[in-house]
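Residues per chain are reported as follows:
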Amino acid sequence: NELESLIERSKAEAIICSQKYVEILKKTKLKYIISMDLEKDNDGIISQKRLISEGIQLVKSGNTSFTNAKIDNEKMSIMLFTSGTTSISKAVALSHKNICSNLMDISSILDVNSSDVFLSFLPLHHVFECTVGFLLSLYTGAQTVFCRGIRHMVEDIKEHKVSVMASVPAIYEGIFKNIRKQLEKQGKLQEILEKEELCKNLSMEEKKKAFKEIHDMLGGNMKLMISGAASLNSEIEERYRKLLANV
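Summary of the structure given here.

Digging into the overall build of the protein chain
Next up, step 1: Of regular secondary structure, the protein chain possesses 11 helices and 9 strands.
Next up, step 2: Whereas a compact globule of 247 residues would reach a radius of gyration of roughly 18 Å, the protein chain reaches 23 Å, over 25% beyond that.
Next up, step 3: Counting only contacts in the protein chain whose residues sit at least 6 apart along the sequence, the fraction spanning at least 24 positions is 53%.
Next up, step 4: Put simply, the protein chain shows about 15,600 Å² of open surface, and 54% of that area lies on carbon and sulfur atoms.
Next up, step 5: Side-chain charges in the protein chain split into 34 positive and 32 negative, and the spacing between the mean points of these groups amounts to 2 Å.

See below:
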């Protein structure tokens, strides 16, 4: 029902999907269903792999209709549907300029570059994750690591030496609780609490040395945590600033 509503309201003609959704989408009024899994077209379903292969050949043969396509950056090109937590999901109309100006503004105020490693956790259709957690990484030439799941988040951050992440407050609160538990197990929690006030005015580099145990738990490379979509608990934010990274 939700899919039918989104397709009808957006007047979508085509959907790119994995094979497991094909049977459901066949029941809708779509003109084209493009499967990411099929090697070749089958039963009216189009193979994305075939389209990509043919597109590459067209470009190689001198067809420039795609590479030289004119883009109206003010035109509505994205119809983003909200989560619909209070009622039916609402459509938000966005242009290329909306997204790109957002990226340029973010990169002008954040110290992010090609040496950074981003952790991507939130769904990519979430516009906060799409812009800050994914497209910003592409725009600055940074590397993106996709988290295997919330249970593995701290482990993934540590393993891949993540330096930048964008997420929602609940995730940061969860990471903080995880760190606290580990400190309690190591018998170092009281020592850290006593040191916290003494070191609150130190620089980022000095904090890395003072609170090495905590920084090591997150790979020792974390420099920026971006929180969005809701307000972060002020006490948690203050603790992060004292101990770990810019939030």
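Right, picking up where we left off after that structure.
Considerations on the sheet that holds strand β8 (residues 164-167)
Next up, step 1: The strand order β7-β6-β8-β9 describes an open sheet built from 4 strands, whose pairing is parallel. Strands at the two margins of the open sheet, each flanked by one partner only, are β7 (143-146) and β9 (224-227). Neighbour-to-neighbour, the strand axes of this sheet turn through a mean angle of 20 degrees, independent of strand direction.
Next up, step 2: As paired strands, strand β6 (residues 117-120) and β7 are joined by 4 bridges and run parallel to one another.

Here we look at the side chain of S163
Next up, step 1: Mapped onto the fold, S163 is located in the loop between α6 (153-159) and β8.
Next up, step 2: Setting aside anything within four residues of it in sequence, one finds S163 in contact with D116, V117, N221, M222, K223 and L224.

Description of a nonpolar patch on the surface
Next up, step 1: Among the surface-exposed residues, L3, Y21 and I24 lie close enough to one another that they form a single nonpolar patch of about 260 Å² accessible area.
Next up, step 2: Relative to the assigned elements, Y21 resides in the loop between β1 (14-17) and α2 (22-25).

So, the sheet that holds β1
Next up, step 1: With parallel pairing, the 3 strands of this open sheet are ordered in space as β1-β2-β3. Every interior strand has two partners, whereas the edge strands, β1 and β3 (46-47), have only one.

Some words on the pattern of salt bridges
Next up, step 1: Evaluated as defined, the whole model comprises 10 salt bridges.
Next up, step 2: Here D116 ties to K223 by a salt bridge, and the two come within 3.1 Å at their closest N and O atoms. Taken as a pair, D116 in the loop between α4 (96-109) and β6 and K223 in the loop between α10 (212-217) and β9 lie far apart in primary sequence, 107 residues in all.
Next up, step 3: The closest approach of N and O atoms between R148 and D156, which form a salt bridge, is 2.8 Å.
Next up, step 4: The exposure class assigned to R148 is partly exposed, which follows from its relative accessible area of 49%.
Next up, step 5: Each of E23, K26 and D43 takes part in one network of salt bridges that share partners.

Rules and cut-offs
Residues numbered from 1 in each chain as written. Predicted model: local features only at pLDDT ≥ 70, side-chain atom pairs only at ≥ 80, totals over all residues. Heavy atoms only, no water. Helix = DSSP H or I, 4+ residues; strand = E, 2+ residues; numbered from the N terminus. Rg over C-alpha atoms; globule rule 2.2 N^0.38 Å. Contact = heavy atoms within 4.5 Å. Areas by Shrake-Rupley, 256 points an atom, 1.4 Å probe, with all protein chains shown as cover. Lys, Arg positive; Asp, Glu negative; His and termini not counted. Charge placed at Lys NZ, Arg CZ, Asp CG, Glu CD. Pairing = 2+ DSSP bridges. Axes fitted to C-alpha atoms, helices over the stretch in contact; angles between N-to-C directions. Patch = residues over 30% accessible without salt bridge, like charges linked within 9 Å, V, L, I, M, F, W, Y side chains within 5 Å. Salt bridge = Lys/Arg side-chain N within 4 Å of Asp/Glu carboxyl O. Buried < 20%, exposed > 50% of the residue type's maximum accessible area, 1.4 Å probe, protein only.

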